[in-house]
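# Survey of secondary and tertiary structure
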Amino acid sequence: MSVEMSQFHPIFFEETQEHLQLLEQLLMGLDIAQPDSVDLNSIFRAAHSIKGGSGIFGFTALADVTHIMENLLDKARKGEFSLSIPAVDILLSTTDTLGDILNSYRNELAIDWLKVTQAQVILNGLLVDPGEDLGPSNDSDLDSSMTPEPQATMGFGFFAADKVPAAERDDPADFGFFNVEPSTESGPTIDPGFGLFDEPEPEAAQKGTAASGPTPAKPMTQPKADAGPVKKTGTSGGDSTLRVETTKIDSLVNLSGELVITQSMLALIGAEVSGELGERLQSALLELERNTREVQDAVMSVRMLPVSSVFNRFPRLVRNLAGKLNKKVELIVEGGATEIDKGMIERLVDPLTHLVRNSLDHGIETAQQRMAMGKTESGTLLLKAEQKGGSIVISISDDGAGLNRDRILTKARENGIMTEQSPADEDVWPLIFSPGFSTAAEVTDVSGRGVGMDVVRRNIEALGGHIVIESQAGVGSTFRIQLPLTLAIVDGMCVAVGEQVFVLPLVHIVESIQPSLDQLKTLSNQRLIKVRGEYLPLLDLYQLMALEPININPDQGIVVLIETSKHRFGLCVDALVGQQQVVIKSLERHYRRVSGVSGATIMGDGSVALILDAESLALQVKHLDGVVI
């Protein structure tokens, strides 16, 4: 029977990517002085699994590099090789190379065999002389003749040819499925799992510890991870998860949304039925509503992923960048288990990366500067996630120098940005989000070009969130990002203007009132409403949406008080329809982008309601002439 191996490639690529992520995470958290034997064995097994799977599928470049890496890790876990900071740097660099090779195989691109050879030479050199500086260089001084080309061999890429004796190469009992290595007393020659399974380590190997490496000349800052790797204690881990294509999950979410809409339709129909039959129908509809909500919550939970899948990228970034900037930084991660919609995961990486890089470059001082200011030698960078109501709040905090208020104001005036003479701090900090704004004295390859912060805010707002800055000179800064938990469903208040229904996200609503005439004032042709001693500007939704209202005067309608990251203001509508959880549909995909609208939804009667973007509406408040908020 012929088996088409390519059908298993996607699974192999996903699993190998997970192994590479685990390798990086464990190497980053490894205690060089006293490495944990459990971690060393986990690192070895990850490399072993990559090599075995690569051999089975004939991915020679991946198998060849991982084979040498596995030998080095095997010696480390047996105490025959002392790990050091340079050695860990090389292993991390090799992990990056493996990632590049994996992407080449995944995208069917040409393999960079020179990079493969360089990785092999560096790893072999580390095995021969651990003390030699064999870091990767940019020079292409390796002769092109050293670049290996994939060839058809009797092994079909299932073993490293330089390790297999000629006598064994033709042994039909192997069938080319095994990596035949020189036999040792502590390791089997044949892998009965073909590299597809993580086999339990012998008890003796589990208890062994690697010898302590030489004292490094430069101390290494170890970032604190939110949680270490999960130790497998059960035997049924393989059955606890199921790989499902994201398109299937998205389809399930859409269907659950349609179910909610259908349930709303039935509720409207049931309201027209009276008598005993109507009571029985209402009882059944309430049960249906409860079950529908549970189904929807369960389906939505499938889309939720822990934010640690984003946070886990930063220990390596902080480690590399801190070394480049000659700074000592301790990374602390909290709340990694907090879940967020999978649609936000990848879109959060770039904004968070930029904020972390800015904190390291502009915020945290060098060790000498910190000591002179009476601070600890090592700076602290905190990544924190927490859930608050229907939102997730992500904070990036550092204990550095803080934002320079005077420099920001000076730069703002140079750029022609209108500012008051003595603005409040909360009005000064957002100026750094202006396009092209930078207070850096010089441009580096890390930052200083004035691009990025405006993109950060734009990307965050595109996710339906907002960002707030808190800073104190000499103490540090905090960038706090608030996002909705999901991009698929929103709890909202339905409001009416004329015959059109709109949905306002509940997260932005403070309260709804029907104002009296003495609460309404006019200043410079702008209407204001006085609420508990505070004057707030009024926006007429009918004017913004070009509709014909039922009530033009606010005292005859309803004013919904809205709070955003920028302003608090009142939105004038005709009436409140009621609170409802709605499924968000993309208006831009099916129609076009509408100012002040973030999406649309289908109501129970089949009509379309627009979902208002409170942050976008707040931009209109900034243009109210003569009003000081």
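The next thing to look at is a nonpolar patch on the surface. A cluster of nonpolar side chains, contributed by Met 5, Phe 8 and Ile 11, occupies part of the molecular surface with about 240 Å² of accessible area. With respect to the helices and strands, the residue Ile 11 is situated in helix 1 (residues 9-28). We classify Ile 11 as partly exposed; its relative accessible area is 41%.

Strand order across the open sheet formed by 5 strands is 2-4-5-7-6, with mixed pairing between neighbours. With one partner strand each, in any of the chains shown, strand 2 (329-334) and strand 6 (466-472) form the two edges of the open sheet. Between one strand and the next, the sheet's axes are offset by a mean angle of 15°, whatever the strand orientation.

Taken together, 5 strands build an open sheet; the order of strands is 16-8-9-18-17 and the sheet is mixed. Of all strands in the sheet, those bounded by a partner on one side alone are strand 16 (575-583) and strand 17 (597-602). Across the sheet, the axes of successive neighbouring strands diverge by a mean angle of 35°, strand direction being ignored. Alignment of strand 9 (residues 500-505) against strand 18 (residues 608-612), held across 2 bridges, turns out to be parallel. Considered in strand 18, the bridge of Val 503 is made with Ile 611.

Okay, the pattern of salt bridges next. Close approach of charged atoms allows side chains of opposite charge to pair. Under the counting rule described, the total for this entry stands at 21 salt bridges. With its nearest N and O atoms 4.0 Å apart, the salt bridge here joins Lys 411 to Glu 414. Taken together, the positions of Lys 411 and Glu 414, both in helix 14 (residues 405-414) and 3 residues apart, correspond to about one turn of that helix. Look at the salt bridges and you will find they share partners, linking Glu 365, Arg 370, Lys 375 and Asp 399 into a network.

Two strands pair when backbone bridges link them, and strand 2 and strand 4 (residues 379-388) are joined in this way by 6 bridges, in the parallel orientation. Bridge assignment links Glu 330 to a residue of strand 4, and that residue is Thr 380. One ladder, built from 8 bridges, connects strand 4 with strand 5 (residues 391-398); its direction is antiparallel. Residue pairing for strand 5: Glu 386 is matched across the bridge by Val 393.

Tracing the backbone shows Arg 316 in helix 11 (residues 314-324). There is a polar contact of 2.6 Å between the side chain of Arg 316 and the side chain of Asp 96.

A separate point is the nonpolar core. Among the nonpolar cores identified, the biggest contains 48 residues, and Ile 394 and Leu 483 are the most heavily contacted of them. Broken down by element, this core gets its largest block of residues, 8 residues, from helix 12 (residues 342-363). Ranked by size, the runner-up nonpolar core spans 44 residues in total, among them Leu 30, Leu 73, Val 116 and Ile 122.

Conventions we followed
Residues numbered from 1 in each chain as written. Predicted model: local features only at pLDDT ≥ 70, side-chain atom pairs only at ≥ 80, totals over all residues. Heavy atoms only, no water. Patch = residues over 30% accessible without salt bridge, like charges linked within 9 Å, V, L, I, M, F, W, Y side chains within 5 Å. Areas by Shrake-Rupley, 256 points an atom, 1.4 Å probe, with all protein chains shown as cover. Salt bridge = Lys/Arg side-chain N within 4 Å of Asp/Glu carboxyl O. Helix = DSSP H or I, 4+ residues; strand = E, 2+ residues; numbered from the N terminus. Buried < 20%, exposed > 50% of the residue type's maximum accessible area, 1.4 Å probe, protein only. Pairing = 2+ DSSP bridges. Axes fitted to C-alpha atoms, helices over the stretch in contact; angles between N-to-C directions. Polar contact = N/O pair within 3.5 Å; in protein donor to acceptor, adjacent residues only side chain to side chain. Core = buried A, V, L, I, M, F, W, Y, C linked by side-chain atoms within 4.5 Å.

By themselves, these figures tell us nothing about what the structure is for.
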